[in-house]
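Chain residues, written in single-letter form:
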Amino acid sequence: MRIIPAIDIIEGKCVRLSKGDYDTKKIYNENPLEVAKSFEAHGIQYLHLVDLDGAKSSRIVNYKVLEQIASKTSLKIDFGGGLKSYADLKIAFESGANQITGGSIAIKQPEVFKNWILQYGADKIILGADAMNEKVAISGWLEESNEEIIPFIQNYQKEGIQYVICTDISKDGMLEGPSFELYQRILEQTKHVKLIASGGISTFDELPKLAELGCEGTIIGKAIYEGRITLKQLENYIINK
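These numbers come from a predicted model, not from an experiment.

### Some points on the pattern of salt bridges
Moving on, step 1. On inspection of all chains with the given rule, the structure shows ten salt bridges.
Moving on, step 2. Here Lys114 and Glu111 are joined by a salt bridge, their closest N and O atoms 3.4 Å apart. On the criterion of helical spacing, the pair formed by Lys114 and Glu111 is a turn pair, its members being three residues apart in helix H6 (residues 110-120).
Moving on, step 3. Among the residues examined, Glu111 registers a relative accessible area of 52% and is labelled exposed.
Moving on, step 4. Between Arg185 and Glu134 there is a salt bridge, and its shortest N-O distance comes to 2.2 Å.

What follows is the structure, given as structure tokens:
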């Protein structure tokens, strides 16, 4: 299972929210590159980079942070937040993203998202399937759609989607443990999906459980920043897996 630390960006700074609520913003570091380099120094190869300003404004905003991290580390970055147009996608990939994550657009403009999969390939496009009460949440989690999470994933599998990041918003940033049951149901009902678990990771012991379920990767955010999971533990996990 791939270990994918998260860096969320507001105004160029590394922050974390609780349950996607912008009013709960906590700044952890004013230099995201410094954070990314510390991940790389511990053998981590992947990074989940989210442009929270972009998620709110519906266009890419913090691409300079992406460009800086991509050019000064060897991390493979998946980038999301506010990607709504071909121009945004072009900026993200030219700025060094290895993959991009599309969430709101997959609900609001499905034809555009399907074209992204065709144009860039399923290995480059991740479906962001963020859940609130098992319904898909969009627009930086500020809106809830009527789309149920598992059929939503199944429909995009028919379009070729392989990678899916699923965040249970009720768990995100709460350090109360991930949604094991939700992930289990998704994996049982969507064969061959590469599911990346996100939200609620609070202790190192949860990682082997997610791996055992069949998750392809897990995104870890606040647990790292709050010292619940150390980079040394993650380094050892990567070496020994």
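### Digging into the nonpolar core
Moving on, step 1. Counting 68 residues, the largest nonpolar core has Ile7, Ile69 and Phe113 as the members making the most contacts within it.
Moving on, step 2. Ranked by residue count, the leading element in this core is helix H7 (residues 149-158), at five residues.
Moving on, step 3. Residues contacting Ile69, with those up to four places away along its chain left out, are Ile7, Pro32, Leu33, Ala36, Leu47, Leu49, Leu75 and Ile77.

### Description of the packing of H7 against helix H8 (residues 180-189)
Moving on, step 1. Running from N to C, H7 and H8 cross one another at 35°; their axes reach a closest spacing of 10 Å. Crossing of H7 against H8: the hand is right-handed. Mapping the contact onto sequence places Ile149, Ile150, Ile153 and Gln154 in H7 and Leu182, Arg185, Ile186 and Gln189 in H8.
Moving on, step 2. Residue classes in the contact of H7 with H8 are distributed as five nonpolar, two polar and one charged.

Cut-offs and rules
- Residues numbered from 1 in each chain as written.
- Predicted model: local features only at pLDDT ≥ 70, side-chain atom pairs only at ≥ 80, totals over all residues.
- Heavy atoms only, no water.
- Salt bridge = Lys/Arg side-chain N within 4 Å of Asp/Glu carboxyl O.
- Helix = DSSP H or I, 4+ residues; strand = E, 2+ residues; numbered from the N terminus.
- Buried < 20%, exposed > 50% of the residue type's maximum accessible area, 1.4 Å probe, protein only.
- Core = buried A, V, L, I, M, F, W, Y, C linked by side-chain atoms within 4.5 Å.
- Contact = heavy atoms within 4.5 Å.
- Axes fitted to C-alpha atoms, helices over the stretch in contact; angles between N-to-C directions.
- Left-handed = near helix turned anticlockwise from the far one by under 90°.
- Nonpolar A, V, L, I, M, F, W, Y, C, P; charged D, E, K, R; others polar.

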